[in-house]
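One-letter residues, chain by chain:
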Amino acid sequence: MTLTAVKGFNDILPDESRRWQHIEQTARRVFELNGFGEIRVPVMEKTELFCRSIGDATDIVEKEMYTFTDKGENSVTLRPEGTAGVMRAFIEHKLYAQDPVAKLYYMGPMFRYERPQKGRYRQFHQIGAEITGVHDPLADAQVLNMLATFFREIGLTEPTLQINSLGCPECRPAYRTALRSFLEERLGALCEDCKRRFATNPLRTLDCKVPGCIESTAGAPSVLEHLCKGCDDHFSTVKHYLDLSATPYSINARMVRGLDYYTRTTFEMVTGLLGSQSAVAAGGRYDGLISQLGGPAIPGIGFAMGLERVALLLGSQEFTTLPDLFIATMGSSERDVAFSLLDGLIKSGVRVEMDYEGKSLKSQMRRADKLKARYSVVIGENEVAAERATFKRMADGLQSDAALTVSGIQTLVMKSEQ
RNA sequence: GUGGCUGUGGUGAAGCGGUUAACACGUGCGACUGUGACUCGCAUAUUCGAGGGUUCGAUACCCUCCAGCCACCCCA
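Overview of the structure. Please read these numbers as outputs of a predicted model, since none were measured by experiment.

Thresholds applied
- Position labels on residues start from 1 in each chain and follow its written sequence.
- Think of it this way: whatever chain is written first is A, whatever ligand is written first is 1, and the rest follow in order.
- Reporting of local features is limited, given that this is a predicted model, to residues whose pLDDT is at least 70; pairs of side-chain atoms are given and counted only at 80 or more, and all residues count toward the totals for whole chains, interfaces and linings.
- Think of the side-chain values as coming from all heavy atoms in the structure, minus any hydrogens and water.
- Think of each axis as a best-fit line through the C-alpha atoms, taken over the contacting stretch in the case of a helix, with angles from 0 to 180 degrees between the N-to-C directions.
- The numbering of helices and of strands both runs from the N terminus, where a helix is a DSSP run of H or I of at least 4 residues and a strand a run of E of at least 2.
- Under this scheme an angle from 65 to 115 degrees is roughly perpendicular, one under 35 degrees roughly parallel, and one over 145 degrees roughly antiparallel; angles in between are oblique.
- By convention the crossing between two helices is left-handed if the near helix lies anticlockwise of the far one by an angle smaller than a right angle, and right-handed if it lies clockwise.
- Should any heavy atoms of two residues lie within 4.5 Å, those residues are counted as being in contact.
- Throughout, the ten residues Ala, Val, Leu, Ile, Met, Phe, Trp, Tyr, Cys and Pro are labelled nonpolar, Asp, Glu, Lys and Arg are labelled charged, and all others, Gly among them, are labelled polar.
- Any two strands between which DSSP finds at least two bridges are classified as paired.
- Throughout, near means a residue has at least one heavy atom within 4 Å of the molecule or strand.
- Counted as a polar contact is a pair of N or O atoms within 3.5 Å, where, for protein atoms, one must be capable of donating a hydrogen and the other of accepting one, and residues adjacent in sequence contribute only when both atoms are in side chains.

## Let's talk about the packing of helix 6 (residues 137-153) against helix 10 (residues 229-244)
So, step 1. Interhelical geometry of helix 6 versus helix 10 gives an angle of 45 degrees and a closest axis separation of 8 Å. Here helix 10 runs oblique to helix 6, going by the angle between their axes. By crossing handedness, the relation of helix 6 to helix 10 is classed as right-handed. When helix 6 is examined against helix 10, the residues Pro 137, Leu 138, Asp 140, Ala 141 and Leu 144 are found in contact with a partner set consisting of His 234, Thr 237, Val 238, Tyr 241 and Leu 242.
So, step 2. Residue classes in the contact of helix 6 with helix 10 are distributed as 7 nonpolar, 2 polar and 1 charged.

Encoded structure:
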(Lines give C-alpha, C1' and ligand atoms only; values in the text may rest on other atoms or scores of the structure.)
Protein backbone atom coordinates (compact mmCIF):
# COMPACT_ATOMS: atom_id res chain seq x y z
CA MET A 1 0.00 0.00 0.00
CA THR A 2 1.87 3.04 -1.21
CA LEU A 3 -0.60 5.86 -1.48
CA THR A 4 -3.43 6.22 1.00
CA ALA A 5 -5.99 8.84 1.89
CA VAL A 6 -5.15 11.50 4.45
CA LYS A 7 -5.80 10.48 8.05
CA GLY A 8 -9.38 11.12 9.04
CA PHE A 9 -10.47 11.64 5.42
CA ASN A 10 -12.60 8.78 4.14
CA ASP A 11 -13.84 7.42 0.85
CA ILE A 12 -17.55 6.76 0.72
CA LEU A 13 -18.01 3.64 -1.38
CA PRO A 14 -21.20 3.05 -3.42
CA ASP A 15 -23.10 0.92 -0.88
CA GLU A 16 -22.41 3.43 1.84
CA SER A 17 -23.03 6.27 -0.54
CA ARG A 18 -26.55 5.01 -1.24
CA ARG A 19 -27.28 5.09 2.46
CA TRP A 20 -26.08 8.67 2.50
CA GLN A 21 -28.25 9.57 -0.46
CA HIS A 22 -31.23 8.16 1.37
CA ILE A 23 -30.45 10.40 4.33
CA GLU A 24 -29.92 13.44 2.13
CA GLN A 25 -33.07 12.87 0.13
CA THR A 26 -35.13 12.44 3.27
CA ALA A 27 -33.69 15.63 4.72
CA ARG A 28 -34.38 17.54 1.50
CA ARG A 29 -37.95 16.33 1.39
CA VAL A 30 -38.70 17.14 5.01
CA PHE A 31 -36.94 20.50 4.91
CA GLU A 32 -38.55 21.60 1.66
CA LEU A 33 -41.96 20.69 3.09
CA ASN A 34 -41.16 23.06 5.92
CA GLY A 35 -40.40 25.80 3.44
CA PHE A 36 -36.62 25.70 3.63
CA GLY A 37 -34.45 26.33 0.57
CA GLU A 38 -30.97 24.99 0.01
CA ILE A 39 -28.03 27.32 0.21
CA ARG A 40 -24.62 26.22 -1.04
CA VAL A 41 -21.71 28.05 0.44
CA PRO A 42 -17.96 27.55 0.04
CA VAL A 43 -16.05 25.00 2.11
CA MET A 44 -13.41 27.63 2.82
CA GLU A 45 -13.83 31.02 4.46
CA LYS A 46 -11.63 33.73 5.83
CA THR A 47 -10.31 32.59 9.17
CA GLU A 48 -11.69 35.65 10.90
CA LEU A 49 -15.26 34.52 10.27
CA PHE A 50 -14.87 31.52 12.52
CA CYS A 51 -12.97 33.40 15.18
CA ARG A 52 -15.77 35.90 15.42
CA SER A 53 -18.67 33.46 15.28
CA ILE A 54 -17.65 30.25 16.99
CA GLY A 55 -15.52 32.07 19.52
CA ASP A 56 -11.80 32.64 19.83
CA ALA A 57 -11.48 30.64 23.01
CA THR A 58 -13.37 27.53 21.90
CA ASP A 59 -11.49 24.32 21.25
CA ILE A 60 -12.64 24.34 17.67
CA VAL A 61 -10.94 27.62 16.95
CA GLU A 62 -8.01 27.11 19.26
CA LYS A 63 -6.83 23.74 18.09
CA GLU A 64 -9.08 22.05 15.57
CA MET A 65 -9.17 24.27 12.52
CA TYR A 66 -7.52 23.62 9.19
CA THR A 67 -6.11 27.09 8.84
CA PHE A 68 -3.45 28.10 6.38
CA THR A 69 -2.18 31.04 4.42
CA ASP A 70 -2.99 31.04 0.73
CA LYS A 71 -0.75 32.35 -2.03
CA GLY A 72 -2.18 35.81 -1.60
CA GLU A 73 -1.11 35.84 2.07
CA ASN A 74 -4.69 35.57 3.33
CA SER A 75 -5.46 33.42 6.32
CA VAL A 76 -8.17 31.01 5.23
CA THR A 77 -9.84 28.09 6.99
CA LEU A 78 -11.66 24.98 5.90
CA ARG A 79 -15.07 25.37 7.51
CA PRO A 80 -15.38 23.50 10.81
CA GLU A 81 -19.16 23.98 10.88
CA GLY A 82 -21.86 25.38 8.64
CA THR A 83 -23.71 28.14 10.40
CA ALA A 84 -20.97 30.76 10.21
CA GLY A 85 -20.64 30.54 6.44
CA VAL A 86 -24.39 30.55 5.92
CA MET A 87 -24.76 33.64 8.06
CA ARG A 88 -21.90 35.33 6.26
CA ALA A 89 -23.68 34.70 2.97
CA PHE A 90 -26.97 35.84 4.48
CA ILE A 91 -25.42 39.16 5.43
CA GLU A 92 -23.33 39.53 2.30
CA HIS A 93 -26.33 39.11 0.02
CA LYS A 94 -28.63 41.07 2.33
CA LEU A 95 -31.16 38.27 2.22
CA TYR A 96 -33.03 39.97 5.07
CA ALA A 97 -33.82 42.85 2.74
CA GLN A 98 -35.99 40.82 0.40
CA ASP A 99 -37.67 38.73 3.07
CA PRO A 100 -37.58 39.31 6.81
CA VAL A 101 -37.65 35.59 7.40
CA ALA A 102 -35.14 33.27 5.77
CA LYS A 103 -35.27 29.49 6.05
CA LEU A 104 -32.13 27.88 4.73
CA TYR A 105 -30.60 24.43 4.74
CA TYR A 106 -27.24 23.12 3.63
CA MET A 107 -25.27 19.93 3.47
CA GLY A 108 -21.65 19.15 2.86
CA PRO A 109 -18.23 18.41 4.28
CA MET A 110 -16.81 20.11 7.36
CA PHE A 111 -13.25 19.88 8.61
CA ARG A 112 -11.84 19.60 12.08
CA TYR A 113 -8.34 18.51 13.01
CA GLU A 114 -9.21 16.03 15.74
CA ARG A 115 -8.07 12.53 16.54
CA PRO A 116 -10.40 10.30 14.49
CA GLN A 117 -12.61 7.80 16.26
CA LYS A 118 -15.97 6.13 15.81
CA GLY A 119 -18.40 8.55 14.20
CA ARG A 120 -15.85 11.33 14.13
CA TYR A 121 -13.50 12.14 11.30
CA ARG A 122 -11.40 15.06 10.15
CA GLN A 123 -13.55 15.50 7.12
CA PHE A 124 -17.09 14.87 8.21
CA HIS A 125 -20.45 15.80 6.79
CA GLN A 126 -23.30 17.79 8.17
CA ILE A 127 -26.82 18.60 7.14
CA GLY A 128 -28.05 21.74 8.78
CA ALA A 129 -30.94 24.19 8.72
CA GLU A 130 -31.38 27.73 9.94
CA ILE A 131 -34.28 30.15 10.42
CA THR A 132 -33.40 33.81 10.67
CA GLY A 133 -35.57 36.77 11.50
CA VAL A 134 -37.94 35.18 14.00
CA HIS A 135 -37.84 35.94 17.70
CA ASP A 136 -40.97 33.98 18.38
CA PRO A 137 -40.57 30.56 20.00
CA LEU A 138 -42.67 29.20 17.18
CA ALA A 139 -39.50 29.16 15.09
CA ASP A 140 -37.70 27.13 17.76
CA ALA A 141 -40.57 24.68 17.83
CA GLN A 142 -40.73 24.34 14.07
CA VAL A 143 -37.00 23.64 13.83
CA LEU A 144 -37.22 21.04 16.58
CA ASN A 145 -40.30 19.47 15.14
CA MET A 146 -38.68 19.34 11.73
CA LEU A 147 -35.64 17.62 13.16
CA ALA A 148 -37.76 15.10 15.02
CA THR A 149 -39.78 14.50 11.87
CA PHE A 150 -36.64 13.86 9.90
CA PHE A 151 -35.58 11.13 12.29
CA ARG A 152 -39.01 9.60 12.28
CA GLU A 153 -39.12 9.61 8.47
CA ILE A 154 -35.69 8.07 8.19
CA GLY A 155 -36.98 5.27 10.36
CA LEU A 156 -35.01 5.90 13.51
CA THR A 157 -36.52 6.02 16.96
CA GLU A 158 -33.24 6.03 18.79
CA PRO A 159 -31.93 9.57 18.95
CA THR A 160 -34.13 11.38 21.40
CA LEU A 161 -34.57 15.10 21.74
CA GLN A 162 -33.18 16.93 24.73
CA ILE A 163 -33.71 20.62 25.19
CA ASN A 164 -32.38 23.31 27.43
CA SER A 165 -32.10 27.05 27.64
CA LEU A 166 -28.80 28.80 28.12
CA GLY A 167 -30.37 32.18 28.81
CA CYS A 168 -29.21 35.39 27.24
CA PRO A 169 -26.54 38.01 27.86
CA GLU A 170 -28.94 39.41 30.48
CA CYS A 171 -29.23 36.39 32.73
CA ARG A 172 -26.32 34.10 31.89
CA PRO A 173 -23.63 36.04 33.79
CA ALA A 174 -25.61 35.70 37.00
CA TYR A 175 -25.95 32.00 36.49
CA ARG A 176 -22.27 31.63 35.79
CA THR A 177 -21.48 33.37 39.04
CA ALA A 178 -23.88 31.18 40.97
CA LEU A 179 -22.46 28.03 39.45
CA ARG A 180 -18.92 29.14 40.04
CA SER A 181 -19.43 29.76 43.71
CA PHE A 182 -21.15 26.39 44.03
CA LEU A 183 -18.19 24.67 42.34
CA GLU A 184 -15.64 26.57 44.32
CA GLU A 185 -16.78 24.87 47.50
CA ARG A 186 -16.29 21.41 45.99
CA LEU A 187 -13.24 22.06 43.90
CA GLY A 188 -11.21 19.46 45.76
CA ALA A 189 -13.59 16.67 44.82
CA LEU A 190 -13.50 17.42 41.11
CA CYS A 191 -11.32 15.72 38.53
CA GLU A 192 -8.35 17.47 36.98
CA ASP A 193 -10.28 18.29 33.82
CA CYS A 194 -13.05 19.87 35.84
CA LYS A 195 -10.61 21.95 37.82
CA ARG A 196 -9.45 23.32 34.54
CA ARG A 197 -13.01 23.77 33.33
CA PHE A 198 -13.84 25.64 36.50
CA ALA A 199 -11.48 28.33 35.30
CA THR A 200 -12.15 28.23 31.57
CA ASN A 201 -15.75 27.14 31.11
CA PRO A 202 -17.54 26.22 34.35
CA LEU A 203 -20.70 25.09 32.54
CA ARG A 204 -18.73 22.20 31.13
CA THR A 205 -18.32 20.60 34.54
CA LEU A 206 -22.01 19.76 34.32
CA ASP A 207 -21.53 17.18 31.61
CA CYS A 208 -18.35 15.60 32.96
CA LYS A 209 -18.46 11.81 32.82
CA VAL A 210 -16.31 11.13 35.87
CA PRO A 211 -18.52 9.55 38.59
CA GLY A 212 -17.00 11.70 41.33
CA CYS A 213 -17.83 14.86 39.44
CA ILE A 214 -21.35 13.73 38.64
CA GLU A 215 -21.82 13.16 42.33
CA SER A 216 -20.34 16.44 43.49
CA THR A 217 -22.22 18.53 40.97
CA ALA A 218 -25.52 16.74 41.53
CA GLY A 219 -26.97 19.62 43.48
CA ALA A 220 -25.54 22.34 41.26
CA PRO A 221 -27.77 25.30 40.49
CA SER A 222 -29.78 24.86 37.31
CA VAL A 223 -29.65 27.34 34.41
CA LEU A 224 -33.37 27.04 34.10
CA GLU A 225 -33.87 28.53 37.56
CA HIS A 226 -31.73 31.51 36.69
CA LEU A 227 -33.43 32.55 33.47
CA CYS A 228 -34.69 36.09 33.23
CA LYS A 229 -38.40 36.71 32.62
CA GLY A 230 -37.95 36.93 28.84
CA CYS A 231 -35.92 33.75 28.56
CA ASP A 232 -38.17 31.87 30.92
CA ASP A 233 -41.29 32.82 28.96
CA HIS A 234 -39.56 31.93 25.74
CA PHE A 235 -38.62 28.49 27.01
CA SER A 236 -42.12 27.82 28.32
CA THR A 237 -43.62 28.72 24.99
CA VAL A 238 -41.19 26.48 23.13
CA LYS A 239 -42.32 23.60 25.34
CA HIS A 240 -45.92 24.55 24.75
CA TYR A 241 -45.52 24.35 20.99
CA LEU A 242 -43.62 21.11 21.22
CA ASP A 243 -46.50 19.64 23.19
CA LEU A 244 -48.96 20.98 20.63
CA SER A 245 -47.12 19.25 17.80
CA ALA A 246 -46.68 16.09 19.88
CA THR A 247 -42.90 16.32 19.54
CA PRO A 248 -41.38 14.15 22.24
CA TYR A 249 -38.58 15.73 24.25
CA SER A 250 -36.94 15.75 27.61
CA ILE A 251 -35.34 18.62 29.44
CA ASN A 252 -31.66 18.41 30.19
CA ALA A 253 -30.63 21.41 32.25
CA ARG A 254 -27.03 20.18 32.21
CA MET A 255 -26.66 20.32 28.47
CA VAL A 256 -23.89 22.63 27.33
CA ARG A 257 -22.92 23.67 23.83
CA GLY A 258 -19.46 24.11 22.43
CA LEU A 259 -20.01 27.19 20.35
CA ASP A 260 -20.08 30.61 21.95
CA TYR A 261 -22.89 32.04 19.88
CA TYR A 262 -25.77 30.12 21.38
CA THR A 263 -28.47 31.89 23.38
CA ARG A 264 -31.73 30.69 24.88
CA THR A 265 -32.94 27.43 23.36
CA THR A 266 -30.33 24.74 22.81
CA PHE A 267 -30.94 21.13 21.98
CA GLU A 268 -29.42 17.81 21.03
CA MET A 269 -30.61 14.60 19.50
CA VAL A 270 -28.79 12.05 21.62
CA THR A 271 -28.24 8.33 21.32
CA GLY A 272 -26.61 5.71 23.46
CA LEU A 273 -25.68 3.60 20.47
CA LEU A 274 -22.60 5.39 19.22
CA GLY A 275 -20.19 5.12 22.10
CA SER A 276 -18.93 8.49 23.14
CA GLN A 277 -20.42 10.21 20.10
CA SER A 278 -23.82 10.62 21.67
CA ALA A 279 -24.84 13.77 19.82
CA VAL A 280 -26.27 12.95 16.41
CA ALA A 281 -27.66 16.41 15.82
CA ALA A 282 -27.49 19.58 17.83
CA GLY A 283 -28.20 23.24 17.63
CA GLY A 284 -29.77 26.22 19.22
CA ARG A 285 -30.74 29.84 19.01
CA TYR A 286 -28.13 32.44 18.17
CA ASP A 287 -29.76 35.81 18.57
CA GLY A 288 -26.54 37.76 18.69
CA LEU A 289 -24.57 36.07 15.94
CA ILE A 290 -25.70 38.02 12.89
CA SER A 291 -25.01 41.41 14.41
CA GLN A 292 -21.76 40.08 15.80
CA LEU A 293 -20.72 39.33 12.23
CA GLY A 294 -21.53 42.85 11.15
CA GLY A 295 -25.10 42.27 10.01
CA PRO A 296 -28.31 43.75 11.35
CA ALA A 297 -29.69 42.69 14.74
CA ILE A 298 -31.59 39.70 13.46
CA PRO A 299 -32.13 36.57 15.51
CA GLY A 300 -31.58 33.03 14.30
CA ILE A 301 -31.96 29.42 15.24
CA GLY A 302 -30.69 26.27 13.63
CA PHE A 303 -29.07 22.89 13.93
CA ALA A 304 -26.63 20.57 12.25
CA MET A 305 -26.60 16.83 12.19
CA GLY A 306 -23.67 14.54 11.60
CA LEU A 307 -24.24 12.49 8.47
CA GLU A 308 -21.71 9.82 9.49
CA ARG A 309 -23.50 9.39 12.79
CA VAL A 310 -26.95 9.13 11.24
CA ALA A 311 -25.52 6.61 8.76
CA LEU A 312 -24.11 4.56 11.64
CA LEU A 313 -27.51 4.50 13.27
CA LEU A 314 -29.09 3.30 10.06
CA GLY A 315 -26.71 0.38 10.31
CA SER A 316 -26.37 -2.02 7.46
CA GLN A 317 -29.71 -1.24 5.85
CA GLU A 318 -29.29 -1.70 2.11
CA PHE A 319 -30.44 0.83 -0.42
CA THR A 320 -29.20 -0.80 -3.60
CA THR A 321 -31.26 -0.84 -6.75
CA LEU A 322 -31.29 -4.08 -8.71
CA PRO A 323 -31.19 -4.56 -12.48
CA ASP A 324 -34.48 -5.28 -14.20
CA LEU A 325 -32.83 -7.33 -16.89
CA PHE A 326 -29.57 -9.01 -17.76
CA ILE A 327 -28.89 -9.61 -21.43
CA ALA A 328 -26.67 -12.58 -22.21
CA THR A 329 -25.32 -13.05 -25.70
CA MET A 330 -24.16 -16.17 -27.49
CA GLY A 331 -21.56 -14.73 -29.78
CA SER A 332 -20.05 -11.50 -30.91
CA SER A 333 -22.57 -11.04 -33.71
CA GLU A 334 -25.42 -10.78 -31.22
CA ARG A 335 -23.70 -8.16 -29.15
CA ASP A 336 -24.74 -5.40 -31.56
CA VAL A 337 -28.38 -6.30 -31.03
CA ALA A 338 -27.85 -6.57 -27.29
CA PHE A 339 -26.10 -3.25 -27.06
CA SER A 340 -28.84 -1.50 -29.04
CA LEU A 341 -31.43 -2.98 -26.73
CA LEU A 342 -29.43 -1.96 -23.69
CA ASP A 343 -29.19 1.57 -24.98
CA GLY A 344 -32.89 1.77 -25.87
CA LEU A 345 -34.02 0.28 -22.58
CA ILE A 346 -31.86 2.54 -20.46
CA LYS A 347 -33.22 5.53 -22.36
CA SER A 348 -36.73 4.40 -21.48
CA GLY A 349 -35.93 3.96 -17.82
CA VAL A 350 -35.24 0.25 -17.55
CA ARG A 351 -32.20 -0.82 -15.63
CA VAL A 352 -30.29 -3.26 -17.84
CA GLU A 353 -26.96 -5.00 -17.62
CA MET A 354 -25.06 -7.05 -20.14
CA ASP A 355 -21.74 -8.80 -20.34
CA TYR A 356 -18.83 -6.60 -21.35
CA GLU A 357 -16.20 -9.11 -22.24
CA GLY A 358 -17.76 -11.86 -24.33
CA LYS A 359 -17.63 -14.42 -21.58
CA SER A 360 -19.17 -17.87 -21.63
CA LEU A 361 -22.92 -18.16 -21.29
CA LYS A 362 -22.44 -19.82 -17.94
CA SER A 363 -20.40 -16.90 -16.69
CA GLN A 364 -22.96 -14.47 -17.96
CA MET A 365 -25.77 -16.28 -16.19
CA ARG A 366 -23.75 -16.41 -13.03
CA ARG A 367 -23.27 -12.69 -13.27
CA ALA A 368 -27.00 -12.16 -13.85
CA ASP A 369 -27.60 -14.07 -10.66
CA LYS A 370 -24.94 -12.23 -8.73
CA LEU A 371 -26.29 -8.85 -9.76
CA LYS A 372 -29.74 -10.05 -8.64
CA ALA A 373 -31.27 -9.16 -11.99
CA ARG A 374 -35.01 -9.77 -12.04
CA TYR A 375 -35.00 -11.14 -15.58
CA SER A 376 -32.45 -12.61 -17.89
CA VAL A 377 -32.60 -13.24 -21.60
CA VAL A 378 -30.26 -15.11 -23.88
CA ILE A 379 -29.82 -13.73 -27.36
CA GLY A 380 -28.49 -16.00 -30.06
CA GLU A 381 -28.93 -16.37 -33.81
CA ASN A 382 -32.43 -17.79 -33.47
CA GLU A 383 -33.67 -14.91 -31.34
CA VAL A 384 -32.19 -12.30 -33.62
CA ALA A 385 -33.82 -13.96 -36.62
CA ALA A 386 -37.20 -14.37 -34.94
CA GLU A 387 -37.07 -11.06 -33.08
CA ARG A 388 -38.47 -12.90 -30.10
CA ALA A 389 -36.78 -14.38 -27.08
CA THR A 390 -37.46 -16.34 -23.94
CA PHE A 391 -37.21 -14.27 -20.79
CA LYS A 392 -36.42 -15.98 -17.57
CA ARG A 393 -37.63 -14.71 -14.24
CA MET A 394 -34.62 -15.34 -12.04
CA ALA A 395 -36.44 -15.73 -8.77
CA ASP A 396 -38.32 -18.85 -9.80
CA GLY A 397 -36.99 -19.71 -13.23
CA LEU A 398 -40.33 -19.10 -14.91
CA GLN A 399 -39.86 -18.49 -18.63
CA SER A 400 -41.97 -16.38 -20.92
CA ASP A 401 -41.75 -15.45 -24.55
CA ALA A 402 -41.67 -11.82 -25.64
CA ALA A 403 -40.74 -9.61 -28.54
CA LEU A 404 -37.09 -8.68 -28.68
CA THR A 405 -37.77 -4.98 -28.90
CA VAL A 406 -37.45 -2.14 -26.46
CA SER A 407 -41.20 -1.78 -26.06
CA GLY A 408 -41.73 -5.54 -25.86
CA ILE A 409 -39.22 -5.92 -23.07
CA GLN A 410 -40.39 -2.78 -21.36
CA THR A 411 -43.93 -4.09 -21.09
CA LEU A 412 -42.73 -7.41 -19.79
CA VAL A 413 -40.54 -5.81 -17.14
CA MET A 414 -43.11 -3.20 -16.10
CA LYS A 415 -45.91 -5.75 -15.99
CA SER A 416 -44.13 -7.89 -13.47
CA GLU A 417 -43.36 -4.96 -11.25
CA GLN A 418 -46.64 -5.25 -9.40
C1' G B 1 -2.63 16.87 22.54
C1' U B 2 -3.09 12.11 26.08
C1' G B 3 -4.00 6.84 26.91
C1' G B 4 -5.27 1.60 25.72
C1' C B 5 -5.61 -2.23 22.05
C1' U B 6 -4.45 -4.23 17.26
C1' G B 7 -1.60 -4.85 12.57
C1' U B 8 -1.16 -12.18 8.34
C1' G B 9 -4.77 -12.46 1.12
C1' G B 10 -10.42 -8.87 -1.52
C1' U B 11 -12.86 -10.28 3.56
C1' G B 12 -13.10 -13.16 8.38
C1' A B 13 -9.15 -15.34 10.35
C1' A B 14 -5.44 -20.02 12.10
C1' G B 15 -0.30 -20.36 12.84
C1' C B 16 3.33 -17.95 18.27
C1' G B 17 11.04 -19.95 16.31
C1' G B 18 12.05 -24.63 11.04
C1' U B 19 4.63 -25.54 7.72
C1' U B 20 3.63 -26.22 0.46
C1' A B 21 1.29 -19.77 5.58
C1' A B 22 -4.48 -23.95 7.62
C1' C B 23 -9.66 -23.19 7.10
C1' A B 24 -14.03 -20.36 5.59
C1' C B 25 -16.23 -16.61 2.61
C1' G B 26 -15.48 -13.89 -1.78
C1' U B 27 -13.69 -13.71 -6.77
C1' G B 28 -12.41 -16.17 -11.65
C1' C B 29 -12.76 -20.52 -14.68
C1' G B 30 -14.64 -25.34 -15.52
C1' A B 31 -17.82 -30.08 -14.77
C1' C B 32 -23.29 -28.68 -18.14
C1' U B 33 -19.78 -26.87 -25.53
C1' G B 34 -27.84 -22.34 -25.40
C1' U B 35 -29.02 -20.83 -19.28
C1' G B 36 -27.83 -18.80 -12.80
C1' A B 37 -28.93 -20.42 -7.61
C1' C B 38 -27.42 -26.44 -4.96
C1' U B 39 -23.11 -29.75 -5.64
C1' C B 40 -18.13 -30.82 -7.16
C1' G B 41 -13.13 -29.61 -9.21
C1' C B 42 -9.18 -26.11 -10.25
C1' A B 43 -7.06 -21.20 -9.53
C1' U B 44 -6.41 -17.13 -6.29
C1' A B 45 -0.66 -14.23 0.07
C1' U B 46 7.05 -15.85 -3.63
C1' U B 47 4.70 -13.56 1.73
C1' C B 48 2.87 -12.14 7.07
C1' G B 49 2.31 -2.99 8.17
C1' A B 50 7.76 -0.75 7.36
C1' G B 51 12.86 -0.67 8.86
C1' G B 52 16.51 -2.54 12.01
C1' G B 53 18.25 -6.32 15.72
C1' U B 54 18.68 -11.43 18.22
C1' U B 55 19.26 -16.41 15.90
C1' C B 56 22.01 -21.54 11.86
C1' G B 57 16.86 -19.98 10.83
C1' A B 58 11.88 -15.32 12.33
C1' U B 59 5.13 -14.13 10.26
C1' A B 60 6.29 -15.54 15.30
C1' C B 61 11.16 -12.81 20.09
C1' C B 62 13.33 -7.42 20.95
C1' C B 63 13.62 -2.12 19.39
C1' U B 64 12.07 1.98 16.40
C1' C B 65 8.74 3.94 13.13
C1' C B 66 4.07 3.87 10.54
C1' A B 67 -1.05 2.74 10.22
C1' G B 68 -5.89 1.44 12.09
C1' C B 69 -9.42 1.09 15.98
C1' C B 70 -11.43 2.62 20.63
C1' A B 71 -11.42 5.90 24.64
C1' C B 72 -10.11 10.83 26.95
C1' C B 73 -10.26 16.05 25.65
C1' C B 74 -13.77 18.26 22.61
C1' C B 75 -17.67 17.85 19.33
C1' A B 76 -22.26 16.82 14.76
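## Re the sheet that holds strand 11 (residues 300-306)
So, step 1. In spatial order, the strands read 1-5-6-11-10-9-7-8; together these 8 strands make up an open sheet with mixed pairing. Among the strands making up the open sheet, the edge pair consists of strand 1 (37-38) and strand 8 (250-251).
So, step 2. Where strand 6 (residues 123-132) lies against strand 11, 7 bridges are found, and the strand directions are antiparallel. Bridge pairing in strand 11 places Ile 127 opposite Met 305.
So, step 3. Sitting on the sheet, helix 4 (residues 83-92) is in contact with strand 5 (102-111) and strand 6, with an inclination near 45 degrees to strand 6.
So, step 4. Sheet strands touched by helix 6: strand 5, strand 6, strand 7 (160-165), strand 9 (263-270), strand 10 (279-285) and strand 11. Its angle to strand 11, the strand with the most contacts, is close to 15 degrees.

## Regarding the protein's contact with RNA strand B
So, step 1. By nearness alone, 47 residues border RNA strand B, and Arg 112, Arg 120, Arg 197, Arg 204 and Gly 258 come closest of all.
So, step 2. Of all atoms in RNA strand B that approach within 4 Å of the protein, 52% are sugar or phosphate atoms.
So, step 3. Between Glu 114 and RNA strand B, the recorded distance is 3.2 Å, taken from a side-chain N or O atom to a base oxygen.
So, step 4. Within the backbone of Ala 279, one N or O atom sits 3.0 Å away from a sugar or linking oxygen of RNA strand B.
So, step 5. Among the elements that line the surface near RNA strand B, the one with the most residues is helix 14 (residues 361-370), at 7 residues.

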